[in-house]
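Spelled out from the first residue to the last, the chains are:
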Amino acid sequence: MSGIYDLVKRYPWLPSLKTYYSDIASKNPLDFINEIFTSDKVEELKAKVLTVFNDALNNIEQLSEYELDEFNIFVYLLLKIILYILNNKVVSNRIANIYSKTTYNELNKENEYNLYYIYQDLNLEILFEEKPTIYKKLIVKEQKEIFKTNFKISYLDYLKLASNLKDEYRKLVNNAVLQGYVYIKPENINRLLQEYVRMKFLTQNGEISAELDKFKEKLFEIQEFKSFYDTIIAIWESKKEEFEYMIDISFKEGKDISETFPPCIKEILSKAQEGQNLIHTERLFILWFLNSLKYPEDKIINVFSTLPDFDREQTAYQVKYAMKKGYTPYSCKSLKSYNLCLAKEYKDKLCLEGYFSRLQDVQKDISHPLKYIEVKQYRGSKKLKKTENQP
Amino acid sequence: MKTFEYLKRRFKEYYKDNRDKIPLVSLFNQREFGFIPWDRQIRMIRHMGFANRENLIQHLINNGPRHVYSSGSLYLNPENQDMKNKGYQGCDFIIDIDVDHFYTPCKEDHDIWYCKECGKNGKGMVEKCPKCGKLKLKKLNWICEECLKAAKKEIIKLIYDFLIPDFNIDIEKIKITFSGHRGYHLKIEDNDLRALSSDERREIIDFITGEGISFEILGLRKMGDNIFGFSAETIGWAQKISRRIEEILKMSSIEIETLLSDKRKFNLNQNFIENFLNYKNNFLNIIKSNNMNNWTLVSSNLNAWYNFLGPIVKQIGIEVDEPVSIDIHRLIRYPGSLHGQTGFKVQELLFDEIETFNPLNEQVEKLDPIVFVSKVQTIQKLEIIESNVPATKIKGETFGPYKLGDKIEVPHHIAVFLLCKGVAKSI
């Protein structure tokens, strides 16, 4: 069992950082940078931060170095400052992803007492019960899988952590809710904390503002920091090509058909382009969808290339497998059940009202995203004919 | 216009006569108020705030608005025109149950629609014209005891099947009102819930409605030719579904057949229904058991189970008007005010009053939403201006149905109702 003082070293994103390390955490960022870049720790710290950047930009799944010492606090704070001034969504997403994933793995190694302290520090209403509760039972033939836990979290805190994850496993409706609590295993709470930590790196990234430029200018007056920042930029410059594949959706008979895509697809493509993480169902959907439109393999792979956990080899394998199997993309009904339908949000008339079938003389619903494209293309070709016929 | 002037006068009188009975909502001066006047040119006047109840009542007496609303949200500056500068402090958790949003058989009798595009008309609940598919429908939605009972049933289900057992909501924090038309509003006044974001509110609503449920995650799976179902020991929706299946299995064979053959509720093939009936006792033993869950005896087709379980979820879940709960800047009807489409009072109800409450024939005077009943029997002459007007049963008496041009004599409260509905004019 560790005290919260030690836990903060391992997990510097804990609120108690400000209590136990107020001398570091409450410092003005300029003073912080000034101090550490003139201290004897600087070389070691720079090396550790560079490792994080290299790991993140080299598609490594987990940080190769994660020392649970006081350095960890400095690394965390320095990373946040660098990402803030870098203001690059792709890099931020990658760092956030690898750091949070490592955190998740570390949390899973903790004993229940430490976890309880961590949850308490985050002010989460999580109860530990001596006697575990069976909250789920799966029986398949003679095999029984029994899910039990000593932990339960207030549904309000659960929602704070889980509502951003559009993952159907995290949806409240698919979880064990009783008397105001969600029965949950610690590794599942830790998965939610992974997202919490991920967001810690992303929330500060806003638009480029005069304030940011001014801050940057001040920081760059510290020569040592400026040259370190330049090193990071150089790493990014050397890698950026790998992440800046254009999401080329202009396939099929050489025409750009992206305009004919339904809102559900447009949204996923735009998220991918920004380097945001896509949930499993979104990945499957976009893969099957593009495959149905006979997009070439390399173009499909490139769509995934901006994702924080992109692995070209693995993606290529999965894309090939899906192409071989020829899965059909989700129907509108399935998309609705996965919360991926955005017809209402986009106020898309075709999705909402359907189309008129002259052949059958009836108004028909759009029941599949591929039908949506077909109708859009048909309408487009009609429009084109009309324009061509005009004198 | 004459009709509106008349109704406005009646509404003003109501507010004047009942000035001490209009309730005060909690944290009154942090609420934004909105009004829809009788003047058709003005849609809604909002971003208003009142320092105290007396000022609001005076506003109601002076203006006699058609509809009165206040925010579920709390603001530091409720009067600020810009939502960003209002100083948002949180929002009550509001659930709106309105029969407009779900099917009741009585709608086949009293809800009339007309397609402005192709001219087709009919009765019942339609979202778009069944002939041309267009959304441009003119609808005349009516009320009856049956549909209001259905809405009340949903509110009771919401409280006893979800809010208390799942979310442990304190009864003292629940406020219920009859909306004055086709439904009920439930408001939870709790500081923790007030802090929820729209996304978090959506998750609660999805839980209450069963939206986004994954039968696979709950335990349904196909292994070879076998289907393995849920365990009743799995806390949450799996338990709710298991209980509902158990209830169905305990019904008589005729009742089960009628239920499962109802195409409005289920879309099951005959084979599934027959097996369900043939093996109902065996299946009941499996459902009740903690150690068995092989459901193959009814069907080994996963899709058939989806077709069965989907409607079961719909039956268990609550029919709510989702955007009302998710949108934190919505305004809802102010308790004690009048509904401009009926002339009925928006009636606050205590938790133990809801079970016996009957809005169209309430016996307890202080709870009666029909406020325009004259002590002295007064008859008003009206002319019907709508092609078809369904029958109206209020206070145990039925009036109508009527046709365009009918000249009728009705009691005062029925006259106010028909005038508010816009289907008649004074003569």
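What counts, and where the lines are drawn
Residues numbered from 1 in each chain as written. Chains lettered and ligands numbered in written order. Predicted model: local features only at pLDDT ≥ 70, side-chain atom pairs only at ≥ 80, totals over all residues. Heavy atoms only, no water. Helix = DSSP H or I, 4+ residues; strand = E, 2+ residues; numbered from the N terminus. Rg over C-alpha atoms; globule rule 2.2 N^0.38 Å. Buried < 20%, exposed > 50% of the residue type's maximum accessible area, 1.4 Å probe, protein only. Contact = heavy atoms within 4.5 Å. Areas by Shrake-Rupley, 256 points an atom, 1.4 Å probe, with all protein chains shown as cover. Lys, Arg positive; Asp, Glu negative; His and termini not counted. Charge placed at Lys NZ, Arg CZ, Asp CG, Glu CD. Patch = residues over 30% accessible without salt bridge, like charges linked within 9 Å, V, L, I, M, F, W, Y side chains within 5 Å. Salt bridge = Lys/Arg side-chain N within 4 Å of Asp/Glu carboxyl O. Axes fitted to C-alpha atoms, helices over the stretch in contact; angles between N-to-C directions. Parallel < 35°, antiparallel > 145°, perpendicular 65-115°, else oblique. Nonpolar A, V, L, I, M, F, W, Y, C, P; charged D, E, K, R; others polar. 1 Å grid on protein atoms, 1.4 Å probe; cavity = no way out; pocket = protein on both sides within 12 Å on 5 of 7 lines; lining within 4 Å. Points joined across faces, edges and corners; volume = space filled by probe spheres on them. Pairing = 2+ DSSP bridges. Buried area = accessible area lost by both parts, 1.4 Å probe. Arc of directions from axis to C-beta. Polar contact = N/O pair within 3.5 Å; in protein donor to acceptor, adjacent residues only side chain to side chain. pLDDT = per-residue confidence, 0-100. Core = buried A, V, L, I, M, F, W, Y, C linked by side-chain atoms within 4.5 Å. Left-handed = near helix turned anticlockwise from the far one by under 90°.

Draft legend 1. Broad picture of the overall build of chain B. A count of helical and extended segments in chain B gives 14 helices and 22 strands. Scaling as 2.2 N^0.38, a compact globule of 427 residues should have a C-alpha radius of gyration of about 22 Å, and chain B matches this with 24 Å. Considered along the principal axes of its C-alpha atoms, chain B spans approximately 75 × 50 × 45 Å. Expressed as a percentage of the 427 residues in chain B, the buried residues total 56%. At a minimum sequence separation of 6, the contacts of chain B that also span at least 24 residues come to 67%. Of the roughly 19,200 Å² of accessible surface on chain B, 47% is carried by carbon and sulfur atoms. Looking at charge distribution, chain B has the averaged site of its 61 positive side-chain charges lying 6 Å from that of its 58 negative ones.

Draft legend 2. How the structure looks around a nonpolar patch on the surface. On the surface, A:Tyr317, A:Tyr321 and A:Tyr327 cluster together to form a nonpolar patch covering roughly 330 Å² of accessible area. Here A:Tyr321 is to be found in helix 16 (residues 312-325).

Draft legend 3. Main features of the packing of helix 8 (residues 237-249) of chain B against helix 12 (residues 302-316) of chain B. All names here are of chain B. Packing of helix 8 against helix 12 leaves a shortest axis separation of 10 Å and a crossing angle of 100°. If you check the angle between helix 8 and helix 12, you find them roughly perpendicular. Contacts between helix 8 and helix 12 involve Trp237, Lys240, Ile241, Arg244, Ile245 and Ile248 from the first element and Phe308, Leu309, Ile312, Val313, Gln315 and Ile316 from the second. Considered class by class, the residues forming the contact of helix 8 with helix 12 number 9 nonpolar, 1 polar and 2 charged.

Draft legend 4. Local environment of empty space enclosed by the protein. Residues and elements named next belong to chain A. For the structure shown, the criterion picks out 4 cavities of 30 Å³ or more. Taken as a whole, the largest cavity spans an internal volume of roughly 100 Å³. The wall of the largest cavity is formed by Lys48, Val52, Leu63, Glu65, Tyr66, Glu67, Asn72, Val75 and Tyr99. Put simply, the parts of the chain that give the lining of the largest cavity at least two residues each are helix 5 (42-57) and helix 6 (70-86). Residues of the lining of the largest cavity, tallied by class, amount to 5 nonpolar, 1 polar and 3 charged.

Draft legend 5. Structural context of the sheet that holds strand 22 (residues 424-426) of chain B. Residue and element names in this part refer to chain B. The antiparallel open sheet is built from 3 strands, whose spatial order is 21-16-22. Edge positions in the open sheet fall to strand 21 (407-411) and strand 22, since each of these has one partner strand only. In this sheet, adjacent strand axes meet at a mean angle of 45° when their direction is disregarded. Bridging between strand 16 (residues 379-384) and strand 22 involves 3 bridges; their strand directions are antiparallel. The partner of isoleucine 384 across the bridge, within strand 22, is alanine 424.

Draft legend 6. The arrangement of the interface of chain B and chain A in detail. Of the residues lining the interface, 43 residues belong to chain B; the matching set on chain A comes to 39 residues. Roughly 3,600 Å² of surface becomes buried between chain B and chain A when both sides are summed, with 56% attributable to carbon and sulfur atoms. Looking at the side of chain B facing chain A, the largest losses of area belong to B:Glu203, B:Ile217 and B:Ile235, adding up to 21% of the total buried there. Inspection of the chain B/chain A interface yields 4 salt bridges. We note a salt bridge from B:Glu203 to A:Lys171, for which the minimum N-O separation is 2.9 Å.

Draft legend 7. Layout of the sheet that holds strand 2 (residues 45-48) of chain B. Residues and elements named next belong to chain B. In space, the 4 strands of this open sheet follow the order 2-1-3-14, with antiparallel pairing throughout. A single partner strand is all that each edge strand has here, and the edge strands are strand 2 and strand 14 (331-333). Averaged over neighbouring strand pairs, the angle between their axes works out to 30° when direction is ignored. Of the pairings in the sheet, the one linking strand 1 (residues 33-36) to strand 2 comprises 2 bridges and is antiparallel in character.

Draft legend 8. Representation of the pattern of salt bridges in the model. All names here are of chain B. Overall, the coordinates contain 43 salt bridges over all chains when judged by the stated rule. The closest approach of N and O atoms between arginine 194 and aspartate 92, which form a salt bridge, is 2.6 Å. Here arginine 194, found in helix 5 (residues 191-194), pairs with aspartate 92, found in the loop between strand 5 (88-91) and strand 6 (93-98); they are 102 residues apart in sequence, far enough to count as distant. Of the two residues, arginine 194 and aspartate 92, both sit in the buried class. Ionic pairing is found between glutamate 386 and lysine 138, a salt bridge with its closest N-O pair at 3.1 Å. Placement of the pair is glutamate 386 in the loop between strand 16 and strand 17 (388-389) and lysine 138 in strand 9 (residues 137-140), with a sequence separation of 248 residues.

Draft legend 9. Layout of the pairing of strand 3 (residues 67-71) of chain B. Residues and elements named next belong to chain B. Summarising burial for strand 3: 5 of the 5 residues are buried, a large majority. Pairing between strand 1 and strand 3: 4 bridges, direction antiparallel. Within the sheet, the bridge partner assigned to isoleucine 36 lies in strand 3 and is histidine 67. For strand 3 and strand 14, the ladder comprises 3 bridges, and the chain directions are antiparallel. Looking across to strand 14, one finds that serine 70 is bridged to isoleucine 332.

Draft legend 10. Quick peek at helix 4 (residues 29-36) of chain A. Residues and elements named next belong to chain A. If you check which residues of helix 4 are buried, you get Phe32, Ile33 and Ile36. Relative to the axis of helix 4, the buried residues are bounded by an arc of 95° and lie together on one face. For helix 4, the capping residue at the N-terminal end is asparagine 28, with a side-chain oxygen 2.7 Å from the backbone nitrogen of leucine 30.

Draft legend 11. Region of interest: the confidence of the model for chain B. When pLDDT is averaged along chain B, the result is 93; 100% of the residues meet or exceed 70. This prediction of the complex comes with two scores: 0.82 for pTM and 0.91 for ipTM.

Draft legend 12. Broad picture of the nonpolar core. Judged by nonpolar contacts, the single largest core of 197 residues is most densely connected at A:Trp13, A:Phe225, B:Ile241, B:Trp295, B:Phe308 and B:Leu418. Ranked by residues supplied to this core, first place goes to helix 6 of chain A with 13 residues. Core analysis: the next-biggest nonpolar cluster, separate from the first, contains 28 residues, A:Cys264, A:Ala272, A:Val319 and A:Tyr330 among them.

Draft legend 13. Quick peek at the confidence of the model for chain A. All names here are of chain A. Scored by pLDDT, chain A has a mean of 84; 88% of the residues are at 70 or more. Averaged pLDDT values over the elements of chain A bottom out at 74 in helix 3 (residues 22-25) and peak at 98 in strand 4 (residues 181-183). This stretch, residues 245-251, has a pLDDT under 50; its non-local contacts, to residues over four places away or in other chains, come to 27 contacts.

Draft legend 14. Summary view of the side chain of B:Thr3. Residues and elements named next belong to chain B. Along the chain, threonine 3 turns up in helix 1 (residues 2-17). Residue classification places threonine 3 among the buried residues on the basis of a relative accessible area of 15%. Among residues more than four places away in sequence, those in contact with threonine 3 are Leu419, Lys425 and Ser426.

Draft legend 15. Here's a closer look at the packing of helix 4 of chain A against helix 11 (residues 210-220) of chain A. Residues and elements named next belong to chain A. The contact between helix 4 and helix 11 brings their axes to 10 Å, and the two run at 20°. As far as their axial angle goes, helix 11 and helix 4 are roughly parallel. Considering how the two elements wind past one another, helix 4 and helix 11 form a crossing that is right-handed. Listed contacts from helix 11 to Pro29, Leu30 and Ile33 of helix 4 are Phe215, Lys218 and Leu219.

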